[in-house]
Amino acid sequence: MTFRQRHLLGIEPLSPSEITCVLDLAESYVDLNRAVEKHGDALAGLTQVNMFFEASTRTQASFEIAGQRLGADVMNMAMQASSIKKGETLIDTALTLNAMHPDLLVVRHPHSGAVDLLAQKVTASVLNAGDGRHEHPTQALLDALTIRRAKGRLHRLTVAICGDIAHSRVARSNIWLLGKMESRIRLVGPPTLIPAGAADWGVEVCHDMAAGLADADVVMMLRLQRERMDGGFIPSEREYYHRYGLDAEKLGHAKDDAIVMHPGPMNRGVEIDGTIADDINRSVIQEQVEMGVAVRMAAMDLLARNLRAARAA
Ligand code: NCD
């Protein structure tokens, strides 16, 4: 088997063949998810614990459904109401949990690097569901599956990632993934929202939507992540929408068959016009959500195989 990881902490450590391995298995789960009976048994007997230290709607629901469809016992820890509030450290929480023998730990945390740290302390396989502005690997994998199904490939595409790159773990994971698969990446946004070192990441940087979207195959929009901003990064939402919000006129610079993506949650009228988001001929935003469940099933299945093999050895 080509997938050799014990944890899924980011896209950075994955090889192109490991990425392809997850996507190929996810394709079979897309079919299962569209069937009337949706149950598999790849995770039967295993315990999956979801620990979300940051609010989440679709990612948490998606991991929960994915685990249940594959027969895991799934538990959601209510982290907002937990001992964290009483001052327990992340590591103490992890060690307490570890003593209950979970097999898969799905973790979202506001601090970059917190999920890696936790993975070093537990015996379970850890999946990063988003850590600070660092990585969000299953989001990049579901985006890749969506692109591959729409465009038939992941190489030699021009992908414009637009908006708040500076605070986005989705952007970072996508840059890793699309770079490994040999697509061309353009980061588009105001200078205040593009990290200073971005030009060294093997990407093009544009501060203008017309140039940034020119001949793009994929236009990926990102939310302004205000919870991670400390200060004023944009003059006003109105001004931002005028310059960087995706509308029909700006999308006109991309290829005629370019697809529009957004990881959600979406702010209509800020980074994207609602009509574009709802246009079934251009927008694949709902398909991204559908692919999310399949990709998480595939990722947990592959990690569980490695976990079982390691325990049997
Ligand atoms: C993203 C996240 O949490 O990083 N959302 C998601 O997982 N669907 C993007 C965002 O919050 O803007």
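For every chain, the first residue of the written sequence is number 1, and numbering continues from 1 along that sequence. Only residues with pLDDT of 70 or above have their local features reported here, since the model is predicted, and side-chain atom pairs are shown and tallied only from 80 upward, although totals for entire chains, interfaces and linings are computed over all residues. Only hydrogens and water are removed before side-chain values are computed, so all heavy atoms of the structure are retained for them.

(A) Looking closely at the nonpolar core. Ranked by size, the top nonpolar core spans 64 residues in total, and within it Tyr29, Leu127, Leu141, Ile147, Ile161 and Leu187 carry the most contacts. Considering each element in turn, this core owes the most residues, 11 residues, to helix α11 (residues 285–312). Nine residue types can take part in a nonpolar core, namely buried Ala, Val, Leu, Ile, Met, Phe, Trp, Tyr and Cys, and a core is a set of them joined through side-chain atoms within 4.5 Å. Classification of residues uses two cut-offs on accessible area relative to the type maximum, computed with a 1.4 Å probe and protein chains only: under 20% is buried, over 50% is exposed, and between them is partly exposed. Helix and strand definitions here come from DSSP, where helices need a minimum of 4 consecutive H or I residues and strands a minimum of 2 consecutive E residues; each element is numbered from the N-terminal end.

(B) Representation of empty space enclosed by the protein within the structure. In this analysis the probe radius is 1.4 Å and the grid spacing 1 Å, with only protein atoms considered; a cavity is a set of points the probe fits into but cannot get out of, a pocket is an open set with protein on both sides within 12 Å along at least five of seven lines, and lining residues have an atom within 4 Å of a point. Grid points are joined across faces, edges and corners, and a volume is the space filled by probe spheres set on the points. Within the structure shown, the criterion is met by 1 cavity of 30 Å³ or more. If you trace the largest cavity, you find it lined by Arg58, Ser62, Gln139, Leu142, His262, Pro263, Ile285, Gln288, Val289, Gly292 and Arg296. The element contributing the most residues to the lining of the largest cavity is α11, with 5 residues. Charged residues are taken to be Asp, Glu, Lys and Arg, nonpolar residues to be Ala, Val, Leu, Ile, Met, Phe, Trp, Tyr, Cys and Pro, and polar residues to be all remaining types, Gly included. Split into classes, the residues belonging to the lining of the largest cavity amount to 4 nonpolar, 5 polar and 2 charged.

(C) Structural view of the sheet that holds strand β1 (residues 47–52). Whether two strands pair depends on DSSP finding at least two bridges between them. The strand order across the open sheet formed by 4 strands is β2-β1-β3-β4, and the pairing between neighbours is parallel. Looking along the sheet, the strands with just one partner apiece sit at the ends: β2 (73–77) and β4 (125–131). When strand polarity is set aside, the average angle formed by the axes of neighbouring strands in this sheet is 15 degrees. Pairing geometry for β1 and β2, over 5 bridges, is parallel. By the bridge assignment, Val49 is partnered in β2 with Met75. Simply put, an axis is a line fit to the C-alpha atoms, just over the touching stretch for a helix, and the angle between two N-to-C directions goes from 0 to 180 degrees.

(D) Broad picture of the site of the ligand. Close contacts around the ligand come from Arg58, Thr59, Arg108, His136, Gln139, Arg169, Val170, Arg223, Gln225, Pro263, Gly264 and Pro265, and that covers them all. Polar contact criterion, stated in full: a pair of N or O atoms within 3.5 Å, where within protein one must be able to donate a hydrogen and the other to accept it, and residues adjacent in sequence count only if both atoms are side-chain atoms. Arg223 is positioned such that a nitrogen or oxygen atom in its side chain is 2.7 Å from an oxygen atom of the ligand. At a separation of 3.0 Å, a nitrogen atom of the ligand approaches a polar backbone atom of Gly264. Throughout, the Shrake-Rupley method with a 1.4 Å probe supplies accessible areas, and for residues the shown protein chains are the sole cover considered. When the ligand sits alone it has 320 Å² of accessible area, and the protein chains cover 95% of it. Placement of the ligand is best described as lying within the largest pocket. Note on terminology: near, applied to a residue and a molecule or strand, indicates that one of the residue's heavy atoms is within 4 Å of it. More than half of a molecule's atoms lying within 2 Å of a cavity's or pocket's grid points is what places that molecule inside it.

(E) Region of interest: the pattern of salt bridges. When a carboxyl oxygen of Asp or Glu lies within 4 Å of a side-chain nitrogen of Lys or Arg, that pair is called a salt bridge. Summed over all chains, the structure comprises 18 salt bridges. Here Glu54 makes a salt bridge to Arg169, at a shortest N to O gap of 2.9 Å. Of this pair, Glu54 sits in the loop between β1 and α2 (58–69) while Arg169 sits in helix α6 (residues 169–180), and the two are 115 residues apart along the sequence. For the pair shown, Glu54 and Arg169 are each scored as buried. For the salt bridge of Arg305 with Asp301, the shortest nitrogen-to-oxygen distance reads 2.8 Å. Here Arg305 pairs with Asp301, and both are found in helix α11, just 4 residues apart, close to one helical turn. For Asp301, a relative accessible area of 5% puts it in the buried group. By sharing partners, the salt bridges in this structure join Asp24, Glu27, Arg148, Arg149 and Glu287 into a single network.

What is shown is where atoms sit, not what they do.
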